[in-house]
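Listed here are the chains, written in short residue letters.
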Amino acid sequence: MTMMDTSKQQNRHSDNQVFNMSLEAVPHSNSGLLDDDGRVKRTGNVWTASAHIITAVIGSGVLSLAWAIAQLGWVAGPAIMIMFSAVTYFTSSLLADCYRSGDPVTGKRNYTYMDAVRSNLGGLQVKICGLNQYVNLFGVAIGYTIAASISMTAIKRSNCFHASDDQDSCHISSIPYMISFGVVEIIFSQIPNFDQISWLSIVAAVMSFTYSTIGLGLGIAYTAENRRIKGSLTGVSISGAVTEAKKIWWTFQALGDIAFAYSYSMILIEIQDTVKSPPSEAKTMKRATLISVAVTTIFYMLCGCMGYAAFGDSSPGNLLTGFGFYNPYWLLDIANAAIVVHLIGAYQVYCQPLFAFIEKVAYSTFPDSTFIRKEVKIPISGYKPYNLNLFRFIWRTLFVITTTVISMLLPFFNDVVGLLGALGFWPLTVYYPVEMYIKVKKIPKWTSKWIGLQILSVTCLVISIAAAVGSVAGVVLDLKTYKPFKTSY
């Protein structure tokens, strides 16, 4: 996804260099194998783009939806979920129109989310967007590490319960599993760019359907066993253990959890840059967005609603590791293993844009550095040699280690998910797509369309602020009883 600049002088004088991810085209002699920007022809289509999106969207967020609906109730829960899906599809369609500047078919390509912001808004907006986007991607990596360790711990616990006939409390530390997940991600992080992880996205998408289907099936079975649908119209009721303040914070946090479940806009442009044309990239991306958002919403509604129907007000923060789901243990093992495989791929889908950004900055800042540019060919029996870039290897390894250590320090799944959703939803999913679309389509101020878009943006801002407040309150409450590096389930 990232390539070295060919002009040292040009890089020194580019605007907003620190946040510049745009990549120069590399000339080739065979134009029949190249796209209009001089790069190797893109081969992505609506199905590979849908796989990328589904891999990014159906992640750890699906596991907290039953808990989120429990806080909101049977009326507000499903309604808010449908609202988030509609907003995500609408703003993603707006963003797809910003991939090219000028002519929608032949205009200059924007290779990344930030390139689109730079081309259409420019100035300080680029730096603010870059900071928000990459902090969010960094946070997602932490969230996925926590989620993967919980699922690995759940496999160990379910087997322990089965072996002891539920006599052993089976407290298991999640720390070794976070480290194991980090080791695997260090290996996969050496994949150079986005174009080379399509296979990983497809595998991860299949895994997401696997564990979502199992979760749905278990929810239906548990509801049938109860012979009634649990839950209430208004969600968790205020009682001795649940104060009015807690009810408010948890309701706000539920909004963040749902927002996180639909969070992928920050990598939409990068996914769109893998798509071939004709038809136009925007047309393909809109179809892929419609397919993937529709599919994920159906799964979310089924998993979230059936989980709430099964557990009611006591719905767990992580559906597949909740009480009562340790039998049949082998099915739970399959589901949690599928979550781990999916999160391995999703981690890469989210982190590749961040990897590309840092490497682009390094290439442009130190264009003559042998350490940054030099690649060592490592022979692989039966395959072409792997080009190991020492800088890429060291920096990506340090990145994974950092996210793993932070995950061990703050292993609060629900709170982290809610906070990430709150921080990323409004600016990246709503504000920038709306503002760029207004600029691209030259929509005059105070027209009905302009006013409608601004109302959407302000409404989503209010929701994001409420979700952030609720999630921070949740972290504060958890920290009162937390001991670092001693998390067990």
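This report concerns the structure included in the present document.

Scoring rules and cut-offs
- Residues numbered from 1 in each chain as written.
- Predicted model: local features only at pLDDT ≥ 70, side-chain atom pairs only at ≥ 80, totals over all residues.
- Heavy atoms only, no water.
- Helix = DSSP H or I, 4+ residues; strand = E, 2+ residues; numbered from the N terminus.
- Salt bridge = Lys/Arg side-chain N within 4 Å of Asp/Glu carboxyl O.
- Buried < 20%, exposed > 50% of the residue type's maximum accessible area, 1.4 Å probe, protein only.
- Pairing = 2+ DSSP bridges.

1. Some remarks on the environment of Ile146
Structurally, Ile146 can be placed in helix α5 (residues 124–163). Along the primary structure Ile146 and Thr404 are separated by 258 residues, whereas in three dimensions their C-alpha atoms are 8.4 Å apart.

2. A look at the pattern of salt bridges
Enumeration according to the criterion identifies 5 salt bridges in this entry. A salt bridge links Arg100 to Glu281; the nearest nitrogen and oxygen atoms lie 2.9 Å apart. Note that Arg100 is positioned in strand β1 (residues 100–101) and Glu281 in helix α10 (residues 281–311), a separation of 181 residues in sequence. By relative accessible area, Glu281 is classed as buried at 1%. The closest approach of N and O atoms between Arg118 and Asp115, which form a salt bridge, is 2.9 Å. On the criterion of helical spacing, the pair formed by Arg118 and Asp115 is a turn pair, its members being 3 residues apart in helix α4 (residues 113–120). The exposure class assigned to Asp115 is buried, which follows from its relative accessible area of 4%.

3. Re the pairing of strand β4 (residues 383–389)
Judged from the 5 bridges that link them, strand β3 (residues 375–380) and β4 form a sheet pairing that is antiparallel. Each bridged residue has a counterpart across the sheet, and for Val376 the counterpart in β4 is Leu388.

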